[in-house]
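Results of the structural survey
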Amino acid sequence: MNPTSDTYAEFLARHPEYQSTLHLDALRAAEYGRLDEHGHIYLDYTGAGLHAASQVRLHAELLNAHALGNPHSASPSSSRTTVLVEGARRAVLEWFNAARDYTAGFTANATGALKHVGESYPFTSSGRLLLSADNHNSVNGIREFAKNAGAPIVYAPLTVPELRLDLAALDALLSEAEPGAPNLFAFPAQSNFTGVKHPLDLIASAHDRGWDVLLDAAAYVSTNRLNLREVRPDFVSVSFYKMFGYPTGVGCLLIRNASLSKLHRPWFAGGTVNFATVGGRRHILSPGEAGFEDGTLNYLSIAAVEIGLRHLAAAGIDAIHTRVDCLTSWLLERLIAMRHSNGRPMVRIYGPLTTTMRGGIVTMNFYDPEGHLLDYRRVEELAGQQGISFRTGCFCNPGPGETAEGITDADVATALARNPDLTLPLFLQMIAHEGGKSAGAIRVSFGIASNFVDARRFIDFASSLRDQTRLAIGAASFDIESCRVIRDGS
């Protein structure tokens, strides 16, 4: 789209702060030129950030300039690798303003970081695990460790329709901590489903009530600044490819030093012990982060982390935040206003309808003129034919969708009884045809290289679904304005 068009001018008039981010357009041209060369509209930054061309080039130059060996030795090649790994570690701690109070352990991904906490936290029957209903499945999975230890597991509910944490209900649950027992509260800084930013002051509130806090920051830190001198969760999980696209296969667990001794690893491996014996069947775990870095680190990729952080710093995390906020606000306004020819809304938004305490994620479903759900998988196919990439499904976070759609335990039990090998597509068909509900949605997310043309192209695509009926599924319809399922013929 011509940036001098009336629509763009109107956008700038409504969001004048966007002009402070125009240097990101030059960055896109220089570093992400492949998008415009191929006419690709990339709208899945929460799924994966995009790498800049210079990140790959600088990393290759670094690797080709040295002989880098396994760091678990004192040879010249190992020592050089150790320097790079420890430099990356310092850069990570400095980025989060955490050098004084936290330990950073590299993992394979954010899921690996979360598993470390789950398997090492000292759950007991006297303590408890409190999870927000809005959590990635890699956080939900921690409940299996708690269950095996006999710890009660409780979910904090969400409000409808904004799908924010129900703070009154959460406050009551936080008051139920057993004093002196191991109590763990886990929630995301930003929902990877709705983009809701949950209040970070919950961390201090939970601490005051006797809880340790695990903060999943994976969806938050690519467009927001996380200062661990201001908020002090005990454990933080991050993924670097979500922050700046490259490298993949490297995540991090940040552990508050005061909480490090609470984690007890259930096993040991190469690289995690200072001493191990076969005859005596004894081992001494390495202190600090070394005790959590199993085997040989992905040391060649870790060398790219500091390059990525420098790239993010040069772009400006605050500028990225501003741009994403402007684009998200404009997209929400346009989607909410979309109507079929009969006047009925075309789009249902999951979560808040404004950018107040909301990040650069917009999750939605489309409906036909009679309120029947359009199959999001077919919508994705049509978008792909136009070179548009977004994500569909439940985004490994089933809680917000279940809350929004009113999916019950009975719905799940009925579906499992009919098919013990249940998959999400099968579940979608069952509940859509019989209950007018959806088990998944369409997610658009913005990031460092996003621009107004990306948002405008998606709206143009969405407009093509006006009066669409061929993609509808289900025998029941949904009234978007009243949030009410209407069975056909009733």
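Refer to the structure above for everything that follows.
Below you will find a few notes about this structure.

Cut-offs and rules
- Residues numbered from 1 in each chain as written.
- Predicted model: local features only at pLDDT ≥ 70, side-chain atom pairs only at ≥ 80, totals over all residues.
- Heavy atoms only, no water.
- Helix = DSSP H or I, 4+ residues; strand = E, 2+ residues; numbered from the N terminus.
- Salt bridge = Lys/Arg side-chain N within 4 Å of Asp/Glu carboxyl O.
- Buried < 20%, exposed > 50% of the residue type's maximum accessible area, 1.4 Å probe, protein only.
- Polar contact = N/O pair within 3.5 Å; in protein donor to acceptor, adjacent residues only side chain to side chain.
- Contact = heavy atoms within 4.5 Å.
- Axes fitted to C-alpha atoms, helices over the stretch in contact; angles between N-to-C directions.
- Parallel < 35°, antiparallel > 145°, perpendicular 65-115°, else oblique.
- Left-handed = near helix turned anticlockwise from the far one by under 90°.
- Phe/Tyr/Trp six-rings, centres within 6.5 Å; stacked < 30°, edge-to-face > 60°.

The linkage connecting V160 with the following residue, P161, adopts the cis geometry, with an omega of 10 degrees. Looking at the secondary structure, you find P161 in the loop between β4 (153-156) and α9 (167-174). The amide bond that connects Y246 to the next residue, P247, takes the cis arrangement and shows omega of 10 degrees. Inspection of the secondary structure puts P247 in the loop between α11 (240-244) and β8 (251-256). Positioned with a positive phi, L163 is a non-glycine residue whose angle comes to about 60 degrees.

Glancing now at the pattern of salt bridges. All chains considered together, the criterion is met by 26 salt bridges. The partner of D454 in a salt bridge is R28, and the shortest N-O contact between them spans 2.8 Å. Taken together, the positions of D454 in helix α19 (residues 452-463) and R28 in helix α2 (residues 23-31) put the pair 426 residues apart, joining distant regions of the chain. With respect to class, D454 is no different from R28; both count as buried. Notably, a salt bridge pairs K147 with E144, separated by 3.1 Å at the nearest N-O pair. One end of the pair is K147 and the other is E144, both in helix α8 (residues 142-148) and 3 residues apart, which spans about a single turn.

Take H340: it is sitting in the loop between α14 (317-337) and β11 (347-350). Here the side chain of H340 touches D467 through a polar contact of 2.8 Å, landing on its backbone nitrogen. Beyond its immediate sequence surroundings of up to four residues, H340 is in contact with P345, M346, Y367, D368, P369, L465, R466, D467 and Q468.

Turning our eyes to something else, we now look at the environment of S126. Structurally, S126 can be placed in the loop between α6 (110-120) and β3 (128-132). Among all residues touching S126, those that are not within four sequence positions of it are E178 and A181. A distance of 2.9 Å separates polar atoms of two side chains, one belonging to S126 and the other to T124.

So, about the packing of α14 against α19. One can describe the packing of α14 onto α19 by two numbers: an axis separation of 10 Å at closest approach and a directional angle of 15 degrees. Regarding the angle of α14 to α19, the classification is roughly parallel. For the pair α14 and α19, the sense of crossing is right-handed. Where α14 approaches α19, its residues L327, W330, L331, R334 and L335 are matched on the opposing element by F452, A455, R456, F458, I459 and A462.

Quick look at the packing of aromatic side chains now. One pass over the full model with this rule turns up 17 aromatic pairs. Seen from their ring centres, F193 and Y350 are 6.1 Å apart, and the 90 degrees between their planes marks the pair as edge-to-face. You can see F193 sitting in the loop between β5 (183-188) and α10 (202-208) and its partner Y350 sitting in strand β11, a full 157 residues away along the chain. For the residue pair F193 and Y350, the accessibility class agrees, reading buried in each case. An aromatic cluster is present here, built from Y8, F11, Y18, W330 and F452 joined pairwise through their rings.

Glancing now at the side chain of D375. With respect to the secondary-structure elements, D375 resides in the loop between β13 (373-374) and α15 (376-385). For D375, a relative accessible area of 7% puts it in the buried group. A polar atom in the side chain of D375 sits 2.8 Å from the side chain of R377. Discounting residues that sit within four places of it in the chain, D375 has contacts with L428, Q429, L471 and I473.

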